[in-house]
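# Summary of the model geometry
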Amino acid sequence: MQNSPQSPIIEASKLTKQFGAFTAVDAISFEVERGEIFGFLGANGAGKTTAMRMLTGLSRPTSGQARVAGIDVAAHPEKVKQRIGYMSQKFSLYEDLTVMENIRFYGGIYGLPRKQARQAGSQLIEQLGMEAFARKQVSGIPLGWRQKLSFSIALLHQPDVVFLDEPTGGVDPVTRRQFWEMIYQAAETGTTVFVTTHYMDEAEYCGRVSIMVDGQIAALDTPDRLKSEFQAANMHEVFLQLTRPKP
Amino acid sequence: MIKPLLVFIRKEAFHILRDRRTLIILLGMPAVLVLLFGFAISNEIREAGFAVLDQARNEPSRQLTDRFRASPYFTMQEGVQTQAAMEAAFRKGSLKLALVIPPGYGEPPVSLQLVTDATDPNTATTLSNYASAIIRQEWAGRATGQQASALVEVKPLMLYNRELKSVFLFVPGVMTVILMLVSAMMTSIAITREKELGTMEVLLVSPLPPALIIVGKVIPYILLALANTGVILWLGTAVFDMPMRGSYLLLWASALLFVGTALSLGILISTRTSSQQVAMLFSLMVLMLPTILLSGFIFPIASMPLPLQVISNAIPAKWFIIILKDIMLKGGGLSLIWQESLILLGMTTFFIALSVRSFKTRLA
């Protein structure tokens, strides 16, 4: 089952999800390489979230297959879950727990031994420069810090792939830039980053970008090649050309 | 799998302990409710104005009068001796109940008349029940039971609650309401809170099995519910002299069973709702109101219209109150309560099956 370093870390083949008569995801196929930053774009309702839920084992495909780290997600969701990290747009921290307690809780549910979880926690707080916040409840720390903490926690168990669902919602541009630096660092250490976003400037930071329209992947390439293909100055124009209804 | 569960329970305990206001309400409410029902909202009536129109004036009639005199429920209005004085006293409101003893009382068959001030029908009914009980006691000592029951109407309630103490009714009732509140409402709120915060998604993406997430969430609430059971039980027996005639083991086992039923309802509600407010409103409307109104806690089921009597069978609280009364008042064992226990067990299984199903459809 173990895949070799050369084979893709995420493979979707004809992945389909139907809700009754409505096809939310229509036979999409793509591959993501190890260590890649993969941008997953699309308008609201285009099927991004549904596709991501199938990749993370939260939802069962109607047909087609998704493999993550060489494992069939629908057949062995529990094995896949050990290999992936996930951060939702709500940052998913417990506000009435302290920073340290949050770290230790998430470490614990991923089976990190108590001692190791504590060590990883102290290390993480030091890396983030959050010593001042360590014993504070999360409700009392600024949004930008929560976002960084949430991302670091998603990486705590050293997953092969980390899924980020609109990780920069509601955060100011400076903090967004800092956050993308963290994403680059993670990718450099070999973690694959699968990220959905609304911000087209962020799409430029991705290695490759896929744009979903009406349940299908309308375009998939590096930002540079997409811009030249659509003769657009930036990703925003590419996105508009694809998603705007044809005259 | 034990370690992640402990990690989870620890986290859940933090949530409960840090929400001080809710915690104080949850721990304080049982005591407040029991004391409130015990002292303030008691439907016991004490020292009601009472008179005897003794037309017999013989030894048995004096004995009966003395028995009423000794009762804490009645205060004898010695001055009221004639029909005219009785009517005047009723009109003034100083008299609530009068006993008319006919000439020649003492040789069965006898007939006695109880006159009550029925402007407040509840009080009148209660008082005439008290009086009937006293007359029955008097006759139980001198005549056979058959003759005694021919004399006055006998309600089955008196069999186990000779003094008609309302504490016997409200201790099981309060316990039921509190367990329902802590187990069903609080867990449904706690689970939907994870959904609202978005942490539920993260937990579902983690290697924790969904069943373990739910178990980890409900265990602290089980402990809280059992602590409340202990407080109510202690207050009921120590402060209000509620008898405990059955086995404590059976009582705790039944409480645990009912907590299970309530939890399964809370879990079911949380699978169908996505916000804390909806979960709370839903719990209040669908669980708390029927538990209070239709379980026999406040209004006797026997006096409800037939459709409501039928509906009351679907209320878990009704069966738990029966079990509690059977154990505490009748001293009954498993042979007496196995049917009610089976009904609760069946309901629990049904609710859990429904929850699992709606959980699966959401994943599919």
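The rules behind the values
- Residues numbered from 1 in each chain as written.
- Chains lettered and ligands numbered in written order.
- Predicted model: local features only at pLDDT ≥ 70, side-chain atom pairs only at ≥ 80, totals over all residues.
- Heavy atoms only, no water.
- Helix = DSSP H or I, 4+ residues; strand = E, 2+ residues; numbered from the N terminus.
- Buried < 20%, exposed > 50% of the residue type's maximum accessible area, 1.4 Å probe, protein only.
- Contact = heavy atoms within 4.5 Å.
- Areas by Shrake-Rupley, 256 points an atom, 1.4 Å probe, with all protein chains shown as cover.
- Rg over C-alpha atoms; globule rule 2.2 N^0.38 Å.
- Lys, Arg positive; Asp, Glu negative; His and termini not counted.
- Charge placed at Lys NZ, Arg CZ, Asp CG, Glu CD.
- Core = buried A, V, L, I, M, F, W, Y, C linked by side-chain atoms within 4.5 Å.
- Salt bridge = Lys/Arg side-chain N within 4 Å of Asp/Glu carboxyl O.
- Axes fitted to C-alpha atoms, helices over the stretch in contact; angles between N-to-C directions.
- Parallel < 35°, antiparallel > 145°, perpendicular 65-115°, else oblique.
- Left-handed = near helix turned anticlockwise from the far one by under 90°.
- Nonpolar A, V, L, I, M, F, W, Y, C, P; charged D, E, K, R; others polar.
- UniProt positions renumbered as here; feature names shortened; annotations may be inferred.
- Domains from an automatic or database assignment.
- Buried area = accessible area lost by both parts, 1.4 Å probe.
- Polar contact = N/O pair within 3.5 Å; in protein donor to acceptor, adjacent residues only side chain to side chain.
- Expected span 1.5 Å × (residues − 1).

An unreviewed UniProt entry lists chain A under the name ABC transporter ATP-binding protein, from Phaeodactylibacter luteus.

Scanning chain B from terminus to terminus reveals 14 helices and 4 strands. In chain B, which comprises 364 residues, the share counted as buried stands at 49%. Taking the intrachain contacts of chain B between residues at least 6 apart in sequence as the baseline, contacts between residues at least 24 apart amount to 76%. Taken as a whole, chain B presents about 17,300 Å² of accessible surface, with 65% of it coming from carbon and sulfur.

Here we come to the overall build of chain A. Per the secondary structure count, chain A includes 9 helices and 10 strands. Taken against the 2.2 N^0.38 rule, which gives 18 Å for 247 residues, the C-alpha radius of gyration of chain A at 18 Å falls within 12% of a compact globule. With respect to the three principal axes, the spread of C-alpha positions in chain A is 55 × 40 × 35 Å. Sorting the 247 residues of chain A into buried and exposed places 56% on the buried side. Long-range contacts, defined here as pairs at least 24 residues apart, represent 67% of the contacts in chain A between residues at least 6 apart. Here chain A displays about 11,000 Å² of accessible surface, and carbon together with sulfur accounts for 49% of that area. A gap of 7 Å separates the mean positions of the 26 positive and 26 negative side-chain charges of chain A.

Time to look at the nonpolar core. Ile10, Phe30 and Phe194 of chain A are the most contacted members of the largest nonpolar core, which has 162 residues in total. Per-element accounting of this core gives the leading share, 17 residues, to helix 7 (residues 167-197) of chain B. If we skip the residues at most four places from it in the chain, Phe194 of chain A touches Ile10, Phe30, Val32, Phe38, Phe40, Met52, Leu55, Val161, Val162, Phe163 and Leu164 of chain A. Leu64, Met76, Tyr105 and Tyr130 of chain B belong to the second largest nonpolar core, which has 20 residues in total.

As enumerated under the stated definition, the model contains 18 salt bridges over all chains in all. One salt bridge connects Arg225 of chain A with Asp221 of chain A, and the closest N-O pair in it is separated by 3.3 Å. Since its relative accessible area comes to 52%, Arg225 of chain A is described here as exposed. Each of Lys11, Glu12, Glu194 and Lys217 of chain B takes part in one network of salt bridges that share partners.

With that out of the way, let us pick up the packing of helix 5 (residues 143-154) of chain A against helix 6 (residues 173-188) of chain A. Residues and elements named next belong to chain A. Orientation of helix 5 relative to helix 6, taken along the N-to-C sense of each, is 15°, at an axis distance of 10 Å. In terms of their interaxial angle, helix 5 and helix 6 are classed as roughly parallel. The two elements helix 5 and helix 6 cross, and the hand of that crossing is right-handed. Here helix 5 contributes Gly144, Gln147, Lys148, Phe151 and Ser152 to the contact with helix 6, which in turn contributes Thr175, Gln178, Phe179, Met182, Ile183 and Ala186. Looking at the contact of helix 5 with helix 6 residue by residue, the class counts come to 5 nonpolar, 5 polar and 1 charged.

In the numbering adopted here, UniProt assigns the feature "domain: ABC transporter" (unreviewed entry) to residues 10-239 of chain A. With 37% helix and 27% strand, residues 10-239 of chain A has its two end C-alpha atoms placed 24 Å apart.

Now for the environment of Arg136 of chain B. Looking at where Arg136 of chain B falls in the secondary structure, it is placed in helix 5 (residues 121-142). Judged by its relative accessible area of 25%, Arg136 of chain B falls in the partly exposed class.

Next up on the list: the domain arrangement of chain B. Per the domain assignment, the segments of chain B are domain 1 (2-40 + 166-363) and domain 2 (48-142). On a C-alpha basis, the centroid separation for the pair domain 1 of chain B and domain 2 of chain B is 45 Å.

Let's shift gears to the interface of chain B and chain A. Interfaces are frequently sized by the accessible area removed from exposure as the parts join. Listed by partner, the interface residues are 26 residues for chain B and 29 residues for chain A. Across the interface of chain B and chain A, roughly 2,500 Å² is buried in total on both sides, 61% from carbon and sulfur atoms. Contact with chain A buries surface across chain B, with Arg18, Val205 and Pro207 of chain B losing the most and accounting together for 24% of the total. At the junction of chain B with chain A, the criterion picks out 9 residue pairs in polar contact (both at pLDDT 80 or more). Elements supplying a minimum of two residues to the side of chain B that touches chain A: helix 1 (2-18), helix 7, helix 8 (199-205) and helix 14 (334-363) of chain B. For the side of chain B that touches chain A, the residue count by class is 13 nonpolar, 4 polar and 9 charged.

Another point: helix 1 of chain B. For helix 1 of chain B, which comprises 17 residues, the first-to-last C-alpha distance of 24 Å matches the rise-based estimate of 24 Å (1.5 Å per residue) to within 8%. Of all the residues in helix 1 of chain B, the buried ones are Pro4, Leu5, Val7, Phe8, Lys11, Glu12, Phe14, His15 and Ile16 of chain B.

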